[in-house]
Amino acid sequence: MENLRVKLYADGAVIEEMVDVYERGTIKGFTTNPSLMKKAGITEYETFAKQAINQIPDMPISFEVFSDDFEIMKKEAEKIASWGENVYVKIPISNSIGESSLPLIQSLSEQGISLNVTAILTIEQVRETVSVFAEGTNNIVSVFAGRIADSGIDPIPLMKEAAQVCKQKKGTELLWASSRELLNIFQAEECECDIITCTPEILNKLPNVGKSLEQISLETVQMFSKDSKELGFSII
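In the annotation of an unreviewed UniProt entry, the entry for the chain reads Transaldolase, and the organism field reads Oceanobacillus arenosus.

Structure representation (structure tokens):
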């Protein structure tokens, strides 16, 4: 793990979990989104965000706009950006009726706001997004590799091509999003991604890296044995 170039970001919206992984020292940044906040029961967005920034002041944190209207989205982005220097504003590649966010992305980038453009699934979307980033700005391109894989398509070729596109503009980083398993970390490394987001469930599997498969096999049998005893079942 020490030799990996790809940076691990934690994906979530539970403050306690965010602080826990922050204190472990393996994480380089954080991302959030409305779905994660809904799952975590967040009711006050700005309160949650400022609490996260206060407890994690020295790492990038991405917060997403909520509106589906571009004018309101722009105002939300400007407000979110004002919360801290380590804040990236997440902008979806389109609104919910498929209208492109590219004009808004370009406008915000020209203001010097650091952006994390999200919900990207095609190489055309990657190219278009990178093309509108202003020179001298820092931005993230979040490609949902996990959702690509969920459709039955291998995301590896697209991610490799996306990495080359992102390298064409200084300050642009490619993020492997919607990770499904620990293996994705090493796949993101292979593809030359700059960042990969991981859920707490994936991060909790990091101690398995370097273990022999024989050891994992034994631990699996031990888990079955423990659970069987706790169930109290008997066959004979």
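Text resumes after the structure shown.
K.L.:
Talk me through the state of the cysteines; I want residue IDs and the actual numbers.
P.N.:
Enumeration according to the criterion identifies zero disulfides in this entry. Free cysteine: C193, not disulfide-bonded; nearest cysteine sulfur from C191 at 5.2 Å. Owing to a relative accessible area of 0%, C193 belongs among the buried residues under this scheme. Between C198, a free cysteine, and C193, which holds the nearest cysteine sulfur, the sulfur-to-sulfur gap is 11 Å. The exposure class assigned to C198 is buried, which follows from its relative accessible area of 0%.

K.L.:
Summarise the packing of aromatic side chains; cite the residues concerned and give the values.
P.N.:
Taken as a whole and assessed by the stated rule, the structure comprises five aromatic pairs. Their ring planes at 85° and their centres at 5.8 Å tell us that Y45 and W83 sit as a pair that is edge-to-face. Here Y45 is found in helix α3 (residues 45–55), whereas its partner W83 is found in the loop between α4 (70–81) and β4 (87–92), with 38 residues between them in sequence. On the basis of an interplanar angle of 75° and a centroid distance of 6.0 Å, the ring pair of F63 and W83 is categorised as edge-to-face. Of this pair, F63 sits in strand β3 (residues 61–64) while W83 sits in the loop between α4 and β4, and the two are 20 residues apart along the sequence.

K.L.:
Before we move on, can you summarise the pairing of strand β6 (residues 139–143) with the specific residues and values?
P.N.:
Most of β6 is tucked away, with five of its five residues classed as buried. Burial of the side chains of β6 extends over both faces: N139, V141 and V143 are buried on one face and I140 and S142 on the other. Bridge count between strand β5 (residues 115–120) and β6: four bridges; the pairing is parallel. The residue bridging L115 from the neighbouring strand is N139, located in β6. As defined by bridge partners, β6 adjoins strand β7 (residues 172–176) across five bridges and the pair is classed as parallel. When the bridges of β7 are listed, N139 appears paired with T172.

Criteria and thresholds
- Residues numbered from 1 in each chain as written.
- Predicted model: local features only at pLDDT ≥ 70, side-chain atom pairs only at ≥ 80, totals over all residues.
- Heavy atoms only, no water.
- Disulfide = S-S within 2.5 Å.
- Buried < 20%, exposed > 50% of the residue type's maximum accessible area, 1.4 Å probe, protein only.
- Phe/Tyr/Trp six-rings, centres within 6.5 Å; stacked < 30°, edge-to-face > 60°.
- Helix = DSSP H or I, 4+ residues; strand = E, 2+ residues; numbered from the N terminus.
- Pairing = 2+ DSSP bridges.

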